[in-house]
Amino acid sequence: MTREAATTAARSRVDGPAKVTGTARYTADIHPDGLVYAALVPATVPSGRITAIDTEAARSASGVLAVITHENAPRVETVEGLAQTWLPVQDDLIRHEGQPVAIVVAETTEQAQYAAELVRVTCERSPARLDFRAHRDEGHPVPTFTEPDSTVGDVDAALKDDAEVIVDQRYRTADRHHNPMEPSATIAEWRDGDLLLYDATQHVWGPRAVAAAAFGLEPERVRVRCDFLGGGFGAKGYSWPHELLAPLAAKVVGRPVRLLLTRAQMYTSHGRQTGTEQRVTLGAKKDGTLVAIRHASATPTSVADDYIEVCAAGTRSAYACPAIETRSRAVPVNLPIPTPMRAPHEGPGMAALEIAMDELAVELDTDPLELRLRNYAEADPTKGVPFSSKRLRDCYLRGAERFGWAGRPAKPRQMRDGNDLVGWGMATAIMSTFRFPATARVSVDRDGNVLIEAGSQEIGGGTYTTMPQIAAGVLGIDPARVRLALGDTALPQTGGTFGSSTTLSVGSAVADAARKLEVKLRGLADGADPARAGLGRLLSHHCLDRLEAEGSWAPGGNAVGEGPDLSIATFGAVFAEVRVDADLGLPRLSRLTGVYSAGRIINPKTARSQITGGMIWGLGQALLEESDVDVNLGRFVSKNLAGYLVPVNADVPHLDASFIEDEVDQRASPVGAKGIGELGAVGVAPAIANAVHHATGIRVRTLPIRPETLLVD
Ligand code: MOS
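Along each chain, residue indices are assigned from 1 in the same order as the chain's sequence is written. Local features in a predicted model are, by the rule used here, given only for residues with pLDDT of at least 70; side-chain atom pairs are given and counted only at 80 or more, and totals for whole chains, interfaces and linings are based on all residues. As a rule here, side-chain values come from all non-hydrogen atoms in the structure, and water together with hydrogens is ignored.

Participant: Which residues make up the domain arrangement of the protein chain, and what values do they have?
Facilitator: Interface size is commonly expressed as the accessible area that is lost once the parts come together. One can read the domain layout of the protein chain as domain 1 (3-24 + 436-553), domain 2 (31-127 + 181-231 + 236-267) and domain 3 (149-175 + 273-433 + 564-710). Note that domain bounds follow an automatic or database assignment of domains. Between the C-alpha centres of domain 1 and domain 2 the distance comes to 36 Å. Contacts: residue pairs with any heavy atoms within 4.5 Å of one another. Contacts between the two partners involve 22 residues from domain 1, matched on the other side by 16 residues from domain 2. Where domain 1 abuts domain 2, roughly 1500 Å² becomes buried across the two surfaces, and 57% of that area is made up of carbon and sulfur atoms. The term salt bridge refers to a pairing of a side-chain nitrogen on Lys or Arg with a carboxyl oxygen on Asp or Glu at a separation within 4 Å. Here domain 1 is connected to domain 2 by 2 salt bridges. With a closest N to O distance of 3.6 Å, Arg225 and Asp488 form a salt bridge. Between N or O atoms, a polar contact is any pair within 3.5 Å; within protein, one atom must be a potential hydrogen donor and the other a potential acceptor, and residues adjacent in sequence are included only when both atoms are from side chains. The tally of links from domain 1 across to domain 2 stands at 9 residue pairs in polar contact (both at pLDDT 80 or more). Grouping the amino acids of the side of domain 1 that touches domain 2 by side-chain chemistry returns 8 nonpolar, 10 polar and 4 charged. What counts as buried area is the accessible surface, traced by a 1.4 Å probe, that two parts surrender upon association, with contributions from both included. Under this grouping Gly is polar, as are all residues other than the nonpolar Ala, Val, Leu, Ile, Met, Phe, Trp, Tyr, Cys and Pro and the charged Asp, Glu, Lys and Arg.

Following this line, the structure appears as structure tokens:
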């Protein structure tokens, strides 16, 4: 096997058999000796103070070991690094519905859950603000990974003096929850004052830092482990209160404690993707040349802490235009603090921009693809710097050909199949590439088996499969000889498995470690190729049991690895066909083509799986997913998978997904890769909304698209 073939082989997941046979142990499957179980008592009002808690019945229920409330809980240090700045059961304040107000610990889960129902909480309810849309003009900017605002040129002047056609509309996307199959879970065990956490987390280093700060420990005295994640999509990215409540409860009862969130608690114990209110203004010449883009958004945050969705993050880089202005504002409400969810920022934001672009194409009587090509950005129009690599034009052209876009009737309502109105729409996808520092160790033993050690996570994207490919490629050996150990703060430190960053960041550290190991091996081989000599044989020959090397990668730039000289992003072109039942208004996706420019693809098989997962995520955004807030009760209406609709197999047609295969972006990362975990979730919803317009003539600016909005005649 050549080095290139080892690196970019379409390997099946090496952890697949363990997962489908049930031998892969997820966090809640781990049972240390003496394990006991915790259940949370949630607040039932969105705002107020606890005036009394009656725990007597719960305390005397069978199997109960402790009932912990703000009246008797051990106090922890002020917490830094937690998604929110406050920890429940430390005071009497209620900041959102579902906030834990008591923890019950019992010998069994059932006993804990039963006793939790016996806790009587009395509270004084205070007025709550729940509808951020009603206060959309009262938001504030929030500093985050990028500036909340940006300005290039003079948008007002361009709209007044240069624009011959203007589109100016408001767009809405829904609050959405992550709904990973595996609920969050933490198992906390104190051993001689040291803390061991088994935790369903996308970043083992996050809860380590948070727990160390909260319990006043040196970080080295906290160890966090996570071998497998059953999805996360951002829900398990930041650290959340339950990750501290478990060790707090374990301290109280003096035994290991498991805290497994219920499905309903998955709607309130961590954040969600914010709903958005967006306004997009586009000014263009009659020939389609853009002269002005303005994109402003308001999104909810919590009353106690700030999070912001930078909806215009993609808009800043999308199209060549001399005047681009973006604004993001956050509006506090009495709901849990939001958090990133798969394709944060660009996911909701590009939906608004790309529906607006379709509206502009209609106004100009221009083909929507032609309009995008006319405004193609060769360099980043806001930063004024080149892209590290960008093959979006190839995506547009290949996607159009694969989809058959040339056969599209220019006007809406021209295609019908039986009772279905058929329409075609397209959209651009852009996603930021986050880059985090990473370290890794690679070692080889006398049998020639290679071990990679890196404290990263396996979220389902294929880390166990792709990292060995990268090391094998450097060493010139079969990836089957390489194993990866991850998910443990005892291993070399990496960033979190978020921001679509793992393959490029951890992979670059693994490649560096493998290269350094190769240099050592080459020394043993007197300069010959160690792979030809045989790694195990080289070690035997030199009476070595093991040889190892440490590697690292530090991208530099800001906290998300973004430097001043380059714009690093991934791109895609998405084409959708929908069928709308003429009588019922029911929209269905019938075809979807996506072509993506995302740097070097390490493993085409796992990459396709990631990108189609993202495309299905976009389908959910377009047609199904919505966490409605009941403004009277101050809670999400459906905290379950019966009321919260996610796409099932029957909703998903064949997905035509492909990558620009010969793109290698070594300015983005030494391994030439960029991120793909989230890219697929961008551009799908607007392509579908635009196809719905083409099918029906109805312009939808609110996602998800509800059938009742498509009932016309
Ligand atoms: Mo992702 S929303 O960066 O886990």
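Participant: Give a detailed account of the sheet that holds strand β15 (residues 324-333), specifying residues and quantitative values.
Facilitator: DSSP-based pairing: two strands are paired if at least 2 bridges between them are found. Helical segments are the DSSP runs of H or I of at least four residues, strand segments are the runs of E of at least two, and each set is numbered from the N terminus. Spatially, the 5 strands line up as an open sheet ordered β7-β15-β14-β13-β8, and their pairing is mixed. The open sheet has two edge strands with one neighbour each: β7 (150-152) and β8 (165-173). Strand-to-strand twist of the sheet, defined as the mean angle between neighbouring strand axes without regard to direction, takes the value 10°. Strand direction decides the pairing type here: β7 and β15, joined by 3 bridges, are antiparallel. Each residue of the ladder has a partner; that of Val152, found in β15, is Ile324. Sitting on the sheet, helix α9 (residues 346-364) is in contact with β8, β13 (276-284) and β14 (290-302), with an inclination near 145° to β8. Lines fitted to the C-alpha atoms define the axes, with helices restricted to the stretch that makes contact. Angles between their N-to-C directions range from 0 to 180 degrees.

Participant: So what's going on with the nonpolar core? Residues and values would help.
Facilitator: In plain words, nonpolar cores are sets of buried Ala, Val, Leu, Ile, Met, Phe, Trp, Tyr and Cys residues tied together by side-chain atoms within 4.5 Å. Only protein chains enter the accessibility calculation, which uses a 1.4 Å probe; a residue is then buried when its area is under 20% of its type maximum, exposed when over 50%, and partly exposed in between. The biggest cluster of nonpolar side chains holds 87 residues, and the ones touching the most others in it are Leu282, Leu290, Leu360, Ile688 and Ile705. If sequence neighbours within four positions are ignored, Leu290 has contacts with Leu282, Gly283, Ala284, Tyr319, Ala320, Cys321, Pro322, Met357, Leu360 and Asn375. Core analysis: the next-biggest nonpolar cluster, separate from the first, contains 42 residues, Ile68, Leu195, Trp205 and Leu229 among them.

Participant: Describe the environment of Pro74, listing the residues and the values that go with them.
Facilitator: Here Pro74 is to be found in the loop between β3 (64-69) and β4 (93-94). Using a relative accessible area of 30% as the deciding quantity, one classes Pro74 as partly exposed. If near-sequence neighbours (up to four positions away) are discounted, Pro74 is found in contact with Gln90, Leu248 and Val252.

Participant: Can you explain the pattern of salt bridges? Please cite residues and give values.
Facilitator: As enumerated under the stated definition, the model contains 53 salt bridges in all. Here Asp92 makes a salt bridge to Arg49, at a shortest N to O gap of 2.6 Å. Taken together, the residues Asp92 in the loop between β3 and β4 and Arg49 in strand β2 (residues 48-54) connect sequence positions 43 residues apart. Using a relative accessible area of 24% as the deciding quantity, one classes Asp92 as partly exposed. Given the relative accessible area of 40%, Arg49 is considered partly exposed. Residues Lys516 and Asp512 are paired through a salt bridge, measuring 2.9 Å at the closest nitrogen-oxygen approach. Highlighted residues: Lys516 and Asp512, both in helix α13 (residues 502-524), separated by 4 residues, approximately one helical turn. On the accessibility criterion, Lys516 (38% relative accessible area) is partly exposed.

Participant: An account of the packing of aromatic side chains is needed here, citing residue identities and associated values.
Facilitator: Between two aromatic rings, the relevant description is the distance of the centres plus the angle of the planes. Think of it this way: a Phe, Tyr or Trp ring, Trp meaning its six-membered ring, pairs with another when their centres are within 6.5 Å, and the plane angle makes it stacked under 30 degrees, edge-to-face over 60, tilted otherwise. With the rule as written, the count across this model stands at 15 aromatic pairs. When the centroid spacing of 5.4 Å and the interplanar angle of 65° are considered together, the rings of Trp405 and Phe575 count as edge-to-face. Here Trp405, found in the loop between α11 (392-403) and β16 (415-417), pairs with Phe575, found in strand β22 (residues 569-581); they are 170 residues apart in sequence, far enough to count as distant. Here the two residues Trp405 and Phe575 agree in accessibility, since each one is buried. The ring of Trp86 carries Arg95 above its face, with NZ or CZ at 4.2 Å from the centroid. Note on criteria: charge over ring means Lys NZ or Arg CZ within 6 Å of the ring centre, with the direction from the centre no more than 35 degrees off the ring normal. The ring of Tyr376 carries the charged tip of Lys390 above its face, separated from the ring centre by 4.4 Å.

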